[in-house]
Amino acid sequence: MVNWKVILGIAKTHLLTKIKQTSIAALGVTFGIGSYITLVCFMTGLNGMLDDLILNQTPHIHVYNEIEPSKKQPISLYNELKESINIVHSVKPKLSQKKIHNALPIIDYLEANKDVRGALPQIKTQIFYIAGSIELGGNLTGINPIDEAKLFNMEDYIVEGSAEALQNTDNSILLGIGIANKMALKVGDRVQVSPINGGIFPLKIVGFYQSGIADLDAIQSFANIKTVQRILGKANNYITDINVKLYDIEQAIPLSEKIEKQFNLTAIDIKTANAQFETGTTIRNLITYAVSITLLIVAGFGIYNILNMLIYEKMNDIAILKATGFSGKDVQHIFMSQAMIIGFVGGVLGLLIGLGLASLIATIPFQTEALPTVETYPINMNPLFFVIGFSFAMLSTFLAGYLPSKKAKKIDPVKIIRGQ
Amino acid sequence: MSIVLEAKHINKYFKKPVLFHVLKDINFQVKEGEFASIMGKSGCGKSTLLYILSTMDTDYEGELFLNDALITGQDREHLSYLRNKHIGFVFQFHYLLSEFSVLENVMLPAKKLAEKSYQEIEHDAIEKLKMLNIEHLAKKRASQVSGGEKQRIAIARALINNPSIIMGDEPTGNLDSHNAENVFNIFKRLSEEEGLSLLVVTHDKDFADKTDRIIQMGDGKILQ
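Residues numbered from 1 in each chain as written. Chains lettered and ligands numbered in written order. Predicted model: local features only at pLDDT ≥ 70, side-chain atom pairs only at ≥ 80, totals over all residues.

*Asks:* Can you help me understand the overall build of chain B in this one?
*Replies:* Within chain B one finds 7 helices and 10 strands. Taken over C-alpha atoms, the radius of gyration comes to 17 Å for chain B, in line with the 17 Å a tight globule of 224 residues would show. By principal-axis analysis of the C-alpha atoms, chain B measures approximately 50 × 40 × 40 Å. Here chain B, with 224 residues, has 48% of them falling under the buried criterion. (Helix = DSSP H or I, 4+ residues; strand = E, 2+ residues; numbered from the N terminus. Rg over C-alpha atoms; globule rule 2.2 N^0.38 Å. Buried ≥ 20, exposed ≤ 12 C-beta atoms within 10 Å, placed from the backbone.)

*Asks:* Explain the overall build of chain A here, please?
*Replies:* Helices and strands together make up the secondary structure of chain A, namely 15 helices and 10 strands. A globule of 420 residues ought to have a C-alpha radius of gyration of about 22 Å, yet chain A, at 34 Å, is considerably larger. With respect to the three principal axes, the spread of C-alpha positions in chain A is 105 × 65 × 40 Å. For chain A, with 420 residues in total, the buried portion stands at 38%. Excluding contacts between residues fewer than 6 apart, the proportion of contacts in chain A whose partners are at least 24 apart in sequence is 77%. (Contact = placed C-beta atoms within 7 Å.)

*Asks:* Honestly, the sheet that holds strand β10 (residues 221-222) of chain B in this entry has me stumped. Any pointers?
*Replies:* Backbone-to-backbone hydrogen bonds pair the strands of a sheet. The strands run either parallel or antiparallel. The 6 strands lie next to each other as β6-β7-β8-β3-β9-β10 (chain B), forming an open sheet whose pairing is mixed. The strands lining the two open edges of the sheet, one partner per strand, are β6 (87-90) and β10 of chain B. (Pairing = 2+ DSSP bridges.)

*Asks:* Would you explain the packing of helix α5 (residues 147-159) of chain B against helix α6 (residues 177-193) of chain B in this entry?
*Replies:* When two helices pack together, their arrangement is captured by the angle between the axes and the distance separating the axes. All names here are of chain B. Orientation of α5 relative to α6, taken along the N-to-C sense of each, is 15 degrees, at an axis distance of 10 Å. What the angle tells us is that α5 and α6 run roughly parallel. Of the two elements, α5 crosses α6, and the hand of that crossing is right-handed. Only N179, N182, V183 and I186 of α6 make contact with α5, whose side of the interface consists of G148, Q151, R152 and I155. (Axes fitted to C-alpha atoms, helices over the stretch in contact; angles between N-to-C directions. Parallel < 35°, antiparallel > 145°, perpendicular 65-115°, else oblique. Left-handed = near helix turned anticlockwise from the far one by under 90°.)

*Asks:* What exactly am I supposed to notice about the sheet that holds strand β5 (residues 69-70) of chain B here?
*Replies:* Residues and elements named next belong to chain B. If you trace the 4 strands from one edge of the open sheet to the other, you get β2-β1-β4-β5, paired in antiparallel fashion. Pairing within the sheet leaves two strands with one partner each, and these edge strands are β2 (20-31) and β5. With 8 bridges connecting them, strand β1 (residues 3-14) and β2 associate as antiparallel partners. Counted as the bridge partner of I10 is I26 from β2. Against the sheet, helix α1 (residues 46-53) makes contact with β1, β2 and β4 (61-66), and its axis sits at roughly 125 degrees relative to β1, the strand it touches most.

*Asks:* How should I be thinking about the environment of L255 of chain A in this particular structure?
*Replies:* Tracing the backbone shows L255 of chain A in helix α9 (residues 252-263). Each C-alpha atom of the pair L255 of chain A and I54 of chain A lies 21 Å from the other, and the pair is 201 residues apart in sequence.

*Asks:* Would you explain the interface of chain B and chain A in this entry?
*Replies:* How big an interface is tends to be reported as the loss of accessible area on association of its parts. Of the residues lining the interface, 24 residues belong to chain B; the matching set on chain A comes to 19 residues. Taken together, the residues of the side of chain B that touches chain A sort by class into 13 nonpolar, 3 polar and 8 charged. (Nonpolar A, V, L, I, M, F, W, Y, C, P; charged D, E, K, R; others polar.)

*Asks:* What is the right way to look at the domain arrangement of chain A in this model?
*Replies:* When the domains of chain A are assigned, the result is domain 1 (4-55 + 277-419) and domain 2 (61-71 + 93-269). The C-alpha centroid of domain 2 of chain A is placed 52 Å from the C-alpha centroid of domain 1 of chain A. (Domains from an automatic or database assignment.)

*Asks:* Is there a simple way to think about unusual backbone geometry in this case?
*Replies:* All names here are of chain A. With phi around 55 degrees, A184 is a residue other than glycine that occupies positive phi space. Relative to the assigned elements, A184 resides in the loop between α6 (177-183) and β6 (190-195). Look at A184 and you get exposed, because 8 C-beta atoms sit within 10 Å. A positive phi is found at N264, a non-glycine position, where the angle reads about 55 degrees. Examined against the element boundaries, N264 turns out to sit in the loop between α9 and β10 (266-269).

As structure tokens, then:
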């Protein structure tokens with residue numbers, strides 16, 4: 001039977017009469033939590049942005065036909081030379097087609113898989129951009145613009161024009177911004193492209209593409225799959241790459257292995273392709289949490305100190321309370337509730353300050369060539385961070401209050417009263 | 001007359017720094033409405049005895065009865081409750097909670113007991129203050145009143161739960177003769193008019209002489 005009204009009343013009076021110490025203790029928590037929220041929102045925002053930069057445009061599984069030398073040379077099939085050592089010099093890659101055999105049925109098959117969000121065909125080819133007598137080498141990728149925009153956020157990287165325009169305009173091209181600058185081209189102009197095997201095709205520029213990676217923007221352009229097939233003079237089942245986007249990125253590895261085995265193609269999963277990226281994210285998160293926890297531990301020691309001092313100051317009061325019928329538990333509750341009140345007030349203020357600072361950072365302009373669609377610093381305000389921050393405030397104040405209040409519980413009133 | 005407090009064969013040892021037999025086979029009773037004082041030289045164990053009787057010190061041998069109920073060996077929670085309900089304390093030093101108002105100080109034990117509503121407790125507290133002629137101090141901070149007044153506030157606090165017995169450890173030891181006289185008169189009146197039992201440890205011969213019974217102690221024993 002704990003009489004909380006009385007206990008909280010006493011705790012409140014103690015805190016209010018020592019308002020300076022109370023506020024300092026609470027401010028410790030406030031700064032700890034505030035900086036945790038700010039830091040974690042900002043850091044995860046940046047992480048998310050950097051991840052998006054690479055991962056959003058990267059397929060979870062990339063399927064294509066690798067050009068490689070045959071692993072088995074004909075001589076190894078010849079039984080009579082089985083016991084001898086055979087060395088073949090100057091092994092050349094096997095002449096094979098770039099296109100994926102039976103690409104369209106494979107796409108249908110992948111789309112039917114319940115883990116797959118979409119499987120998009122692409123044609124990758126080398127071309128020349130022709131401006132007068134100058135020929136610039138480059139890459140042209142044939143895509144389904146609307147689907148690419150939907151699954152790989154392509155719109156984010158189209159600085160002028162749109163994916164719809166590319167889809168709907170016949171013989172159109174989405175030109176890399178670097179090429180456009182080199183050749184002084186505007187939207188609506190025509191650019192002539194020439195595939196490696198000859199011929200010149202004029203294409204209408206419907207937009208500019210800027211990935212943020214300058215080297216890429218100086219060579220890369222996009223066109224409709226049909227347009228590219230026409231330029232190359234290939235049939236409409238000519239597909240060189242299939243990009244697969246999954247619902248769950250964790251499924252990338254097993255599915256890519258399955259595709260490799262089943263179709264005898266090369267399938268690279270996102271984790272293998274971007275392993276270093278995950279490491280960076282993990283380390284940034286680690287730093288964020290290490291700094292935040294350090295701040296909160298410091299705040300916790302502040303509370304511990306102040307409560308300890310308070311208990312020394314209040315020895316007489318504790319003795320009196322015990323003599324007049326308050327039990328050790330009651331006294332412990334009084335000091336525990338003081339710690340928890342400090343933690344609660346400091347924690348809530350910290351959340352507000354963190355929210356304020358994070359919102360402030362979110363309004364600071366942040367413009368960079370590399371990220372055409374980002375205008376301000378990225379902030380990730382996940383409610384979970386606020387829950388974690390608040391729980392940590394309560395937990396650390398609980399621990400900081402526990403030891404001093406335990407001591408208060410054990411104080412022998414007789415010693416104090418007789419000691420005077 | 002019924003017995004409020006009874007001690008049977010109380011023995012107490014101090015173990016530090018050396019084993020020392022402080023209280024040797026103490027037996028006595030305090031009856032209802034009795035005003036008793038304990039006298040003795042410094043170090044004879046009279047305060048030690050009082051703190052055992054007060055239930056705050058549980059490290060002793062023997063048996064202690066409060067209102068005919070054995071309280072030796074009860075757990076601390078229950079002892080706190082008994083102290084709260086049945087025993088009022090007045091110390092040599094006034095021991096008020098200095099951050100609280102006088103009224104809050106007086107009300108605190110009753111709030112802890114939580115047998116009455118806030119309004120009833122407040123009413124009772126003002127009654128007690130009136131009885132001791134200090135109701136004008138009710139709203140003051142405890143740290144802002146004089147020593148004699150503090151002791152009267154402490155008495156009001158001791159009375160708030162209508163205890164069976166009031167215990168005092170040199171309650172007048174720190175007061176001038178006028179205030180000491182005043183406190184004695186209050187005790188006397190409580191004993192005579194309210195039928196309250198009182199047990200007071202004192203050095204003051206004049207004070208003790210005026211009580212109903214003097215328990216003289218020496219070397220850890222009751223002499224008479």
